Amino acid sequence: MTEVAMEADDSGAAAQAAAAKATQRPKLTSTSSEAGDDKDQHKLEITVGQPERVGDGMSAYIVYKVQSKTTIPTFKSPDTSVMRRYSDFYNLHGHLVEKYAGVIVPPVPPKDAIGTGVMKFKNAGSEVTPFIERRAAALGRFLARVAQHPVLRKDDMLRLFLESEDRLPKPKSSIMSVLGKLGGIGDADEWFDDKAREIDTLEAQLKKTHAALESLVTKRKELSVFTSTFAESLAALADAEEVQALTKAMHQLADVEAKVAALHFKQANRDFYDFSEIMHDYLGLISAIKDCFYQRQSAHKAWQSAEGTLHKKKDNVTKLRTQGKTEKIDQAEKDVTSAEEQVASAKKDFEEVSKRLRLELGRFDALKVRDFQATLIEFVEAIMTTQHQVVKAWEQFLPEAKAIGTA
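Small disclaimer: the values here were computed from a predicted structure and weren't measured.

**Q** Where do I start with the overall build of the protein in this structure?
**A** Along its length, the protein carries nine helices and three strands. Within the protein, residue pairs in contact and separated by at least 24 positions form 76% of the contacts whose partners lie at least 6 positions apart. Accessible surface for the protein amounts to roughly 21,900 Å². Of this, 55% is attributable to carbon and sulfur atoms.

As structure tokens, then:
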């Protein structure tokens, strides 16, 4: 993801400080009441927050407070609270990918050596960096989607993650290194092939829209900085003015411009946290879908390989009978039986992955509509609120401007 600058030039510091206080971070809560087609109505709510740095220098790392509330009977307690490192989230994700072939496992934020390095060299007690804030929010959304999934929310490793601070085992490197590296995957099944093309098209358009939105966020923050600079210049000009009425009006105008600058910065943050990051999450989900397509393809390949082995075993039996080597036929027939069992098992695995992926793609479409509808509504409402506040600020100043000549 292209990093959006979270800090503007020094000239906009006043606007940023005011906006930072006004901007509300999204609540990182996951609920199970919308767990798709799941019949399980047990509650599972998870919050991620309060990132803290442990240690100093290159040995430093960040821990995040993970709290959960649940009515799932397999949990030891309805309320849990643990401190988890990023690597624990990463390993949990890897475990889920390994265990549930064909399931669209929500993405975790990627590793970032630069952002982590900046954090390590911050002074002890300094504020959390924007990088850590973004990562905490993304980790919260990851757990929210896992908690909403009818299969993943029941996983024993997730329960261990939420109930214990024991380190999670690392996933198998072979699986994690292969998944996600393939491009468009062709498929002999017309339905899956059409879906793969739809996913490729959606990914391309999401990337374009995400880049455009990040540019918009950057421009809004630049507008905030320039507006703040203008406000400071007006205030300085007012101090140099000898006419008291004009001085007062110009100071009031400077205050209005500073308020408008803060609103622009607040809106930029809303665009980023409420819209841009959601689009980035869906790009990660599309990558997860491609992983599932690869898992299905691998299952099909394993089935075909088993079929090939079975044919060879059968040919061997025929050959032994032709050659009259009766002493070897019994073992050869046992090999055929074993190969037939392997074919049946591989075929079953392929059919199960295919069935699961069909359900997952249907669930993905339904959740995509829900998420984007909610995001668009929040986006429009935030724009309307900001514009109303801007207009209100100017309306309050207009009588002061008209009264300058009559004072």
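**Q** Looking at this structure, how should I read the nonpolar core?
**A** Nonpolar side chains in soluble globular proteins tend to end up buried together. Residues Val 66, Phe 89, Leu 92 and Leu 143 are the most contacted members of the largest nonpolar core, which totals 32 residues. Put simply, the parts of the chain that give this core at least two residues each are β1 (44-54), β2 (61-70), α2 (86-99), α4 (130-148) and α5 (156-163). The leading source of residues in this core is α4, at eight residues. Once residues within four sequence positions are removed from consideration, Leu 92 is found in contact with Phe 142, Leu 143, Met 157, Leu 158, Phe 161 and Leu 168. Counting residues in hydrophobic clusters, the runner-up holds 22 residues, among them Ile 199, Ile 278, Tyr 282 and Ala 288.

**Q** For this particular structure, what's the right way to read the packing of helix α7 (residues 190-240) against helix α9 (residues 329-402)?
**A** Any two packed helices are characterised by how steeply their axes cross, that is the angle between the axes, and by the distance between the axes. Relative to each other, α7 and α9 sit at 25°, their axes nearing to 13 Å. Between α7 and α9, the crossing angle belongs to the class labelled roughly parallel. The crossing of α7 and α9 is left-handed. Side by side, α7 and α9 meet where Trp 191, Phe 192, Lys 195, Ile 199, Leu 202, Leu 206 and Arg 220 of the first sit next to Ser 354, Leu 357, Arg 358, Leu 361, Phe 364, Asp 365, Lys 368, Phe 372 and Ile 383 of the second.

**Q** Is there a simple way to explain unusual backbone geometry in this structure?
**A** Trans is the common state for peptide bonds, and a negative phi is the common state for residues other than glycine. For Gln 50, which is not a glycine, the phi torsion comes out positive at approximately 50°. Tracing the backbone through its elements, the reader meets Gln 50 in strand β1.

**Q** Where do I start with the packing of α7 against helix α8 (residues 244-323) in this structure?
**A** At a minimum axis distance of 7 Å, the contact between α7 and α8 shows a crossing angle of 165°. Classed by the angle they form, the pair α7 and α8 counts as roughly antiparallel. Judged by the sense of rotation from one axis to the other, the crossing of α7 with α8 is left-handed. Residue composition of the contact of α7 with α8, by class: 31 nonpolar, 12 polar and 12 charged.

**Q** Would you take a moment to explain the packing of aromatic side chains for this structure?
**A** Each pair of aromatic rings is reported with the distance of its centres and the angle of its planes. Scanning the model with the defined rule gives 10 aromatic pairs in all. With a centroid separation of 5.0 Å and an interplanar angle of 70°, the aromatic rings of Phe 89 and Phe 161 are classed as edge-to-face. Residue Phe 89 is located in helix α2, and its partner Phe 161 is located in helix α5; the two are separated by 72 residues in the primary sequence. Across the pair, Phe 161 and Phe 89 agree in class, each one buried. Both rings, one in Tyr 282 and one in Phe 372, keep their centres 5.1 Å apart while their planes meet at 65°; by these two values the pair is edge-to-face. With Tyr 282 in helix α8 and Phe 372 in helix α9, this pair connects stretches of sequence that are 90 residues apart. Phe 372 shares its class with Tyr 282; the two are buried. Connected via pairs of aromatic rings, a cluster forms that spans Tyr 64, Phe 89 and Phe 161.

**Q** What's the story with the pairing of strand β3 (residues 79-85) in this structure? I'm lost.
**A** Covered by surrounding structure in β3 are Thr 80, Val 82 and Arg 84 only, the residues Asp 79, Ser 81, Met 83 and Arg 85 on the alternate face being uncovered. Inspection of the sheet shows β2 paired to β3 by seven bridges, in the antiparallel sense. Note on β3: the bridge partner recorded for Ser 68 is Thr 80.

**Q** Would you explain the pattern of salt bridges in this entry?
**A** Pairing between side chains of opposite charge can happen when their charged atoms approach one another. Taken as a whole, this structure holds 22 salt bridges when the rule is applied. Salt-bridge contacts for Arg 159 lead to Asp 156; the nearest nitrogen and oxygen are separated by 3.6 Å. On the criterion of helical spacing, the pair formed by Arg 159 and Asp 156 is a turn pair, its members being three residues apart in helix α5. Here Asp 156 falls in the partly exposed class, since its relative accessible area comes to 49%. A salt bridge links Asp 271 to Arg 220, with the shortest nitrogen-to-oxygen separation between them at 2.5 Å. Highlighted residues: Asp 271 in helix α8 and Arg 220 in helix α7, separated in sequence by 51 residues. Because the salt bridges share partners, they merge into one network encompassing Arg 141, Arg 145, Glu 277 and Asp 281.

**Q** Which parts of the structure should I look at to understand the side chain of Asp 88?
**A** Looking at the element boundaries, Asp 88 is found in helix α2. Those residues in contact with Asp 88 that sit more than four places away from it in its chain are Phe 161, Arg 167 and Leu 168.

**Q** So what exactly am I meant to see when it comes to the environment of Leu 246 here?
**A** Among the secondary structure elements, Leu 246 is positioned in helix α8. Linking Leu 246 and Ile 404, residues 158 residues apart in sequence, is a C-alpha distance of 6.3 Å. Filtering out sequence-adjacent residues up to four positions away, Leu 246 remains in contact with Glu 241 and Ile 404.

**Q** I would appreciate a short explanation of the sheet that holds β3 in the present structure.
**A** Hydrogen bonds between backbone groups are what pair the strands of a sheet, and the pairing can be parallel or antiparallel. Across the sheet, three strands lie side by side as β1-β2-β3; this open sheet has antiparallel pairing. Both edges of this open sheet fall to β1 and β3, since each of them pairs with a single strand only. With strand direction ignored, the average angle separating the axes of adjacent strands in the sheet is 20°. Seen against the sheet, α2 touches β1, β2 and β3 and runs at an angle of roughly 105° to β3. Strand contacts of α4: β1 and β2, with the helix running at about 155° to β1, the strand carrying the most contacts.

Calculation rules
- Residues numbered from 1 in each chain as written.
- Predicted model: local features only at pLDDT ≥ 70, side-chain atom pairs only at ≥ 80, totals over all residues.
- Heavy atoms only, no water.
- Helix = DSSP H or I, 4+ residues; strand = E, 2+ residues; numbered from the N terminus.
- Contact = heavy atoms within 4.5 Å.
- Areas by Shrake-Rupley, 256 points an atom, 1.4 Å probe, with all protein chains shown as cover.
- Core = buried A, V, L, I, M, F, W, Y, C linked by side-chain atoms within 4.5 Å.
- Buried < 20%, exposed > 50% of the residue type's maximum accessible area, 1.4 Å probe, protein only.
- Axes fitted to C-alpha atoms, helices over the stretch in contact; angles between N-to-C directions.
- Parallel < 35°, antiparallel > 145°, perpendicular 65-115°, else oblique.
- Left-handed = near helix turned anticlockwise from the far one by under 90°.
- Nonpolar A, V, L, I, M, F, W, Y, C, P; charged D, E, K, R; others polar.
- Phe/Tyr/Trp six-rings, centres within 6.5 Å; stacked < 30°, edge-to-face > 60°.
- Pairing = 2+ DSSP bridges.
- Salt bridge = Lys/Arg side-chain N within 4 Å of Asp/Glu carboxyl O.

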